[in-house]
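So the chains spell out like this:
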Amino acid sequence: MLSSAVASPAPPAPLSLQAERDQFYAWLADAVVYQDWQPTSQPDSSRGFNIGSVLVNPDGYVVQWGRNSVNATRNLTQHGEVRLVQAYLQRTRQVALRGYTVYTTLEPCAMCAGMLTLTQVARVVYGQRDPAYGDALQRLQLDSRACGRGYAPYPRTVAVAQAPDEVSRQLDDAYRSRTALPIVRFLATPTARRLYAQAARQLAQYQARYPANQVRLDSARRYLARLPKQAADY
């Protein structure tokens, strides 16, 4: 007689040390934005778009943050990644970011991808995909010479990957059902706010699998607690 029992699905494989770190730093980038959430993307009534970034040094500790401020500054170059990198380089007087990782809530645009490449960032980990303006770092690395009058890859490369966390996947799924809406407007919706809030809660509650990551996670929480909770960064 055959058993009618259905086997339970296998539990997901545990994250590697680096993947776990990518997960909680992706949550941190979300939490930086959530602390100064903008309920609208209108130029006259918001700081900018709900997009932000954090910078992690080669030792794995967060050292800088940035939020999109294009509306408040009246300057369309003031993306979260631009503000992040410029603020850190100016503060430290470094000329490059070799070995650093940028965690950003939305896939970088062409402008930010060029800046991240030129400043020699080692890795970029993004949360949500941007179907219209994304894949910019990958395009810089594309070798199109086989197509005829194509171009060689840009001489510098940046490793790029999507964060392994569930919130990033849920943001992609939520936006996929509303692609008629510009992504920056989607990022001002209650749906997006709920998911960013979820990321902030997970950052606050998560216990790391690896002791080395728990030390960095605790440091990230302390860092977040020191950040301004209102639009005071422009």
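Right above here is the structure, for reference.
Residues numbered from 1 in each chain as written. Predicted model: local features only at pLDDT ≥ 70, side-chain atom pairs only at ≥ 80, totals over all residues. Heavy atoms only, no water.

> How would you summarise the overall build of the protein if you had to cite specific residues and measurements?
Across its full length, the protein holds 9 helices and 5 strands. Order of helices (α) and strands (β) in the protein, N terminus to C terminus: α-β-β-α-α-β-α-β-α-β-α-α-α-α. A principal-axis box enclosing the C-alpha atoms of the protein has dimensions of 70 × 50 × 40 Å. Sorting the 234 residues of the protein into buried and exposed places 50% on the buried side. Expressed as a percentage of contacts within the protein between residues at least 6 apart in sequence, the contacts between residues at least 24 apart total 62%. Separation of charge centres in the protein, based on 27 positive and 17 negative side chains, amounts to 4 Å. (Helix = DSSP H or I, 4+ residues; strand = E, 2+ residues; numbered from the N terminus. Buried < 20%, exposed > 50% of the residue type's maximum accessible area, 1.4 Å probe, protein only. Contact = heavy atoms within 4.5 Å. Lys, Arg positive; Asp, Glu negative; His and termini not counted. Charge placed at Lys NZ, Arg CZ, Asp CG, Glu CD.)

> Requested: an account of the pattern of salt bridges, with residues and values cited.
One pass over the full model with this rule turns up 10 salt bridges. Asp-44 is the partner of Arg-74 in a salt bridge, and the nearest nitrogen-oxygen pair spans 2.7 Å. With Arg-74 in the loop between helix H2 (70-73) and helix H3 (80-92) and Asp-44 in the loop between helix H1 (17-34) and strand E1 (52-56), the pair connects residues that are 30 residues apart, well separated along the chain. Across this residue pair, the class does not change: Arg-74 and Asp-44 are exposed. One salt bridge connects Arg-176 with Asp-173, and the closest N-O pair in it is separated by 2.7 Å. Pair noted here: Arg-176 and Asp-173 are both in helix H6 (residues 166-176), with a separation of 3 residues, about one helical turn. Judged by its relative accessible area of 54%, Arg-176 is exposed. Salt bridges sharing common partners tie together Glu-166, Arg-169, Asp-173 and Arg-176. (Salt bridge = Lys/Arg side-chain N within 4 Å of Asp/Glu carboxyl O.)

> An account of unusual backbone geometry is needed here, citing residue identities and associated values.
One non-glycine residue, Arg-74, adopts positive backbone phi at about 55°. Its relative accessible area of 58% is what places Arg-74 among the exposed residues. Even without a glycine there, the phi angle at Arg-93 is positive, about 65°. Structurally, Arg-93 can be placed in the loop between H3 and strand E3 (101-106). The exposure class of Arg-93 is exposed, given its relative accessible area of 68%.

> I'd like a rundown of helix H4 (residues 110-118), residues and numbers included.
Along an α-helix, a turn takes 3.6 residues, which lines up residues three or four apart on a common side. Here H4 has its buried residues at Cys-112, Ala-113, Met-115, Leu-116 and Thr-117. Buried residues along H4 sit in contact with H3, E3, strand E4 (123-128) and helix H5 (136-140).

> How would you sum up the sheet that holds strand E5 (residues 159-162)? Please name residues and give values.
If you trace the 5 strands from one edge of the open sheet to the other, you get E2-E1-E3-E4-E5, paired in mixed fashion. The strands lining the two open edges of the sheet, one partner per strand, are strand E2 (62-67) and E5. Between one strand and the next, the sheet's axes are offset by a mean angle of 15°, whatever the strand orientation. (Pairing = 2+ DSSP bridges. Axes fitted to C-alpha atoms, helices over the stretch in contact; angles between N-to-C directions.)

> Can you tell me about the packing of H1 against helix H9 (residues 211-225), naming the residues and giving the values?
One can describe the packing of H1 onto H9 by two numbers: an axis separation of 10 Å at closest approach and a directional angle of 5°. Between H1 and H9, the crossing angle belongs to the class labelled roughly parallel. Between H1, through Leu-17, Glu-20, Arg-21, Phe-24, Tyr-25, Leu-28, Ala-31 and Val-32, and H9, the contact on the second element is made entirely by Ala-212, Asn-213, Arg-216, Leu-217, Ala-220 and Leu-224. (Parallel < 35°, antiparallel > 145°, perpendicular 65-115°, else oblique.)

Coordinates in, geometry out; function isn't part of it.
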